[in-house]
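# Examining the three-dimensional arrangement
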Amino acid sequence: MRHAKSDWADAGLSDHDRPLNARGRRDAPQMAKWLSEHDAVPDVILASTAKRVTQTIDRMRTQWSTDPLVLSCGALYLASPQTILEHVRCEAIDRDGNRPRRLLVLGHNPGMEQLVSSLAQADIIMPTAAVALFTSRPIAPEDNDAPQVERLIAIGRPKELA
């Protein structure tokens, strides 16, 4: 998932510290509902430390009856596809020390769009708050391999849901 739309009004803020704008605050819960409708509420969220990502998660959590474990990772801020996959492999562990059944990686473009396009083997546009759902083969905590994606299930974009 790419974070919801951020606010550019305060030119004095660093990119990392930009909050969500009104559209982002509206879209994040909408995409959380979309995930629920697709039986894809995550067990674990692996997230960038950027403020807009944290706020996206906070607004999404209000729509779910379960509370996913959130693992914040500074290396996911503006990360490359390779870095994202490496962190999924190394860090995506649930509260019991196992690989989660449902993992949501929440980050930024261009890395998210490049990763989703690579995994889907197609050019996929990931506007703000877009979500791409994939199935993958399970990986054990001791495995050193990146997730093996089997197929793209669905892509949700806020403008397509309105």
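Residues numbered from 1 in each chain as written. Predicted model: local features only at pLDDT ≥ 70, side-chain atom pairs only at ≥ 80, totals over all residues. Heavy atoms only, no water.

## As for the environment of Pro 19
Following the sequence through the fold, Pro 19 ends up in the segment before helix H1 (22-37). A C-alpha to C-alpha distance of 12 Å links Pro 19 and Thr 49, two positions 30 residues apart in sequence. Among residues more than four places away in sequence, those in contact with Pro 19 are Ser 6, Asp 7, Leu 13, Lys 51, Arg 52 and Gln 55. (Helix = DSSP H or I, 4+ residues; strand = E, 2+ residues; numbered from the N terminus. Contact = heavy atoms within 4.5 Å.)

## Comments concerning the packing of aromatic side chains
According to the stated counting rule, one finds zero aromatic pairs in the structure shown. For the cation-ring pair, Arg 18 lies above Trp 8, with the distance from its terminal atom to the ring centre recorded as 3.6 Å. (Phe/Tyr/Trp six-rings, centres within 6.5 Å; stacked < 30°, edge-to-face > 60°. Lys NZ or Arg CZ within 6 Å of the ring centre and 35° of its normal.)

## Examining the nonpolar core
Ranked by internal contacts, the top residues of the largest apolar core, which has 23 residues, are Met 1, Leu 35, Met 60 and Leu 106. The leading source of residues in this core is H1, at five residues. Beyond its immediate stretch of four places on either side in the chain, Met 60 contacts Met 1, Ala 28, Met 31, Ala 32, Leu 35, Leu 104 and Leu 106. Within the second largest apolar cluster, nine residues are counted, among which are Ile 84, Val 88, Val 105 and Leu 115. (Core = buried A, V, L, I, M, F, W, Y, C linked by side-chain atoms within 4.5 Å. Buried < 20%, exposed > 50% of the residue type's maximum accessible area, 1.4 Å probe, protein only.)

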